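In case you want the letters, here they are:
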Amino acid sequence: MRHTRIAYLLLVALAIVSASITHANERARPISATEFRAILDKERGKVIVLNLWATWCVPCLREVPDLITVANELQGAGVTLIGVAVDDPSPGAAQVESFRKKYFPSFRTFARQGSEIDELASVIDPAWNEVVPTTYIIDRQGKVTKRIQGKRSAEEFRALIKKSL
Amino acid sequence: MRTAITMPFVVALSFVTSAIFAQPVAISPEGQKAGAPDVAINANGQLAILWVDRSPQDNASAGHDHNHDRHLSTADLYVAISPDGGKTFNAPVKVNSAEGVVWGQQLSRPRIVGTSNGTWHVSYAANDIHPTLKKTLLTTHYTRSVDGGASFEKPQRLSGITGQDMSEVIHGGFASAAAFGTMTAAPDGGVHVYWVDTRHMNPDSDSAALYGISSRDDGKTFTSEKQLIDTGVCPCCQLTAITTENSDVLIGSRRVEKDSFRPATVMKLSNISGAASERRSIGGAPWQIGGCPLKPTVIATHGQKVFAAVHNGGETTPGVIFSVSNDAGNSFEFRGIVHTAAAVSDAPSVAVNDEKVLLAWHAKVGNAPRRVFYRFYSLSGKPIGDITELGSAAGVSQYPIVTVKKDGDFQIVWQQADKVWTTEIAGK
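Residues numbered from 1 in each chain as written. Chains lettered and ligands numbered in written order. Predicted model: local features only at pLDDT ≥ 70, side-chain atom pairs only at ≥ 80, totals over all residues. Heavy atoms only, no water.

S.K.: Go over the overall build of chain B, please, and point to the residues and values.
M.R.: If you tally the helices and strands in chain B, you get one helix and 28 strands. Long-range contacts, defined here as pairs at least 24 residues apart, represent 53% of the contacts in chain B between residues at least 6 apart. For chain B, the accessible area works out to roughly 15,300 Å², and carbon and sulfur atoms hold 50% of it. (Helix = DSSP H or I, 4+ residues; strand = E, 2+ residues; numbered from the N terminus. Contact = heavy atoms within 4.5 Å. Areas by Shrake-Rupley, 256 points an atom, 1.4 Å probe, with all protein chains shown as cover.)

Okay, structure coming up:
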C-alpha cells in the first residue's frame, strides 16, 4: 500500500514536471477568449498564477523573473504560472515573443489577438481596470481568490500563493 | 439613470466628397484599424479628428513590411478636418511621413491642437534608431499643417537623444523613451509639448522625468527641451495639458510617491516666469500600486475653476472620480465616484463651455460590454441631469474624447470596432 502511494506521488510529480517542461520555451502566441478559457479549464486542479503584463510596462518586466522563481519553487505543490500580454496585437505576437524569448524564455505567456485590451482578462475578471501588472491567484476549483495590482516582491508572491495551496 | 438612447445610425462615409450628417458617423474609412482618437477645435471653428491606424501591421504580416528596421511599431496617423465645426468632414489625410513609425494607442494617444491662424499641430511618439547605439528609441515627434489640414510638414523630433542606454533598465525595449506625451496651445499663441522621459531613470525605481518644449512662432521652431520634473513621474501614465486664459499651463500627471502611492495631480507652469508649482493631488482614496496605472488625469478650466477626473484604483470599487478646484488648481475638492452603478469605469475626458462641464467616460454596467457614458455638471461641479449612455451601435464603445466648440456645443469622438466615431452633444 505504501509503495503504491509512493509510486502514485512519483507519477503525479513526474506529470507536473513533464507539464512544466512542455510549457517551457513555449512561444507566445495570440489567442482568442474562447481558447484562453479552454487553456484555463485544462489547468483546473492546479493553482494558477495569472499575470497580466505588457512589454512597455517597466514594473511588469521587473516582477516577471520573481514570479517565475516562485512558480518554479511551488511547482511541486501544483502551482502553474500563465502570462497574458496586453500589448496591442502584432502579427503572430511577434513583439511579445521577442521579449519573452530574450528575457523570460521559460515564461509561458499568451497575447491577445483582438483590438480590445481586456479581451483575455475579461475571461476571469470582467471588471479588470486595465492596470498592469495585475496578478490573479486562481484556486484548484477555478475561482479567483486574489487580485494583486502593482509589482510585488518574490516574498510577497510566495506568501500570497501559499495561502491558496 | 437614464436608459440608452437609441439613435438612427449612419453608415461610414465614403470620403469621396464631404458629406453632411447629424448622427454618429464613422470618420475613419473602411479597411483601417482605427483607434486612440483625439479631437480639437481651432479659433476659426474648424474641427480636427486625429486617429491611429494600425492596418500597416496587416501589411507587414502580409510581407509588405515597410518598417523592418523599426519593428516595434507599425502604425500611421490620420486626420480628418471639418471646416464647419463637425457638420461635414474632408477626406482623411496621413500625418506622418515615414511609414508605420507611430507608437500610439489608447494609453499613449497622439495629440492634435489648433491655433488661431488655422494651423493644426500634431505631436506623437514614434520609433527611432539611436545613431550610435543602434538601438530602438521612442521619441516625441511634431508636425503641423499650415494649409488647413490638406497636408502636413515633414515631422521633426522634439525630444533629445543622449548617450544613455537604458535598455537593460527597461528590459531592452528601448534605449530610452520619450512618450505618453501631450500638447496644448495657449491664447498667446504658444504651442507646448510635454512628455514622460526615461533617459535618466534609476534602475531601482519606477519613476521618470517630465520634459517640455515650446514654440512661440506657431510651430515653426521650438525652444530647447527643458526638464520640468526630474523624477517622481509615473513612467507610463499619459500626461494631459490645458492652458488658462492668461496662458499659464496646467499639466495633469501621476506622481510616484514613497511606498508606491500614485496620486493623480495637477501642476501649473507660469506663462511669465516658467516656474512650476507643486503637483497638487486631486484627491480620492490613496492608490498604492507599484505598477503602471496607465490612467491620465484629465483637466478642463474655466476662469479660476479647474475640473479634473481620473480613474482611481484606490476606491472600493475602482472607477472614475471627479474633483473641482475653485482656486486655479491650487487645491481640489473631491466630488466622488462618477458612475457608482458601474462595475468599472475608466478613460474619462472633460470639457467645459460657459455654462456647464461635460464629462464622458467608458464603463461596464451589469453584463453589458464597455460603453461610453456622459454627464453634465454645473460650473460649481454639481451634477446636472442623469448619467446618459451615448447612442452608438451595439457592442463595445470606448475611449471617448470631448471638446467644446465655438457655439458652446460639444463634439465627442470614440473608438468602436476598429473605427473612430464622432457626434455632437448639445451644450446649451
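S.K.: I'd like to hear about the packing of aromatic side chains, residue by residue, with values.
M.R.: Under the definition given, this model contains 14 aromatic pairs over all chains. Between Phe99 of chain A and Tyr103 of chain A the ring centres are 6.0 Å apart and the planes differ by 50°, which places this aromatic pair in the tilted class. On the criterion of helical spacing, the pair formed by Phe99 of chain A and Tyr103 of chain A is a turn pair, its members being four residues apart in helix 4 (residues 94-103). Judged on exposure class, the residue Phe99 of chain A and its partner Tyr103 of chain A are both buried. Their ring planes at 45° and their centres at 6.1 Å tell us that Phe376 of chain B and Phe410 of chain B sit as a pair that is tilted. On the criterion of sequence distance, the pair formed by Phe376 of chain B in strand 24 (residues 371-378) and Phe410 of chain B in strand 27 (residues 410-416) is long-range, its members being 34 residues apart. For the pair Phe376 of chain B and Phe410 of chain B, one class covers both residues: buried. Put simply, the rings of Trp53, Phe99, Tyr103, Phe104 and Phe107 of chain A pair up and form one aromatic cluster. For Arg199 of chain B, the ring lying beneath its charged end belongs to Tyr211 of chain B, and the centroid distance is 4.2 Å. The positively charged end of Lys356 of chain B is found above the aromatic ring belonging to Phe376 of chain B, 4.4 Å away from the centroid. (Phe/Tyr/Trp six-rings, centres within 6.5 Å; stacked < 30°, edge-to-face > 60°. Buried < 20%, exposed > 50% of the residue type's maximum accessible area, 1.4 Å probe, protein only. Lys NZ or Arg CZ within 6 Å of the ring centre and 35° of its normal.)

S.K.: Please set out the nonpolar core residue by residue, giving values where relevant.
M.R.: Counting residues in hydrophobic clusters, the biggest one holds 80 residues, and the most contacted among them are Phe36, Leu50, Trp53 and Val132 of chain A together with Tyr194 of chain B. Tallying contributions element by element places helix 3 (residues 58-73) of chain A first for this core, with seven residues. Sequence-distant contacts of Leu50 of chain A, defined by excluding residues within four places in its chain, comprise Phe36, Ile82, Val84, Ile124, Thr134, Thr135, Tyr136 and Ile138 of chain A. Listed in part, the 19 residues of the second largest apolar core include Ala48, Leu77, Ile112 and Trp120 of chain B. (Core = buried A, V, L, I, M, F, W, Y, C linked by side-chain atoms within 4.5 Å.)

S.K.: Tell me about the interface of chain A and chain B, residues and numbers included.
M.R.: Taken together, the contacts link 31 residues of chain A with 44 residues of chain B. Buried area between chain A and chain B, summed over both chains or domains, comes out near 2,800 Å², and the portion from carbon and sulfur atoms is 51%. The largest share of the area that chain A buries against chain B comes from Trp56, Arg62 and Glu130 of chain A, three residues that together contribute 23% of it. The tally of links between chain A and chain B comes to four salt bridges. (Buried area = accessible area lost by both parts, 1.4 Å probe. Salt bridge = Lys/Arg side-chain N within 4 Å of Asp/Glu carboxyl O.)

S.K.: Can you break down the sheet that holds strand 16 (residues 264-269) of chain B residue by residue, with the values?
M.R.: Here four strands make up an open sheet; going across it, the order is 14-15-16-17 (chain B) and the pairing antiparallel. Strands with a single pairing partner mark the edges of an open sheet, and in this sheet they are strand 14 (240-243) and strand 17 (280-281) of chain B. (Pairing = 2+ DSSP bridges.)

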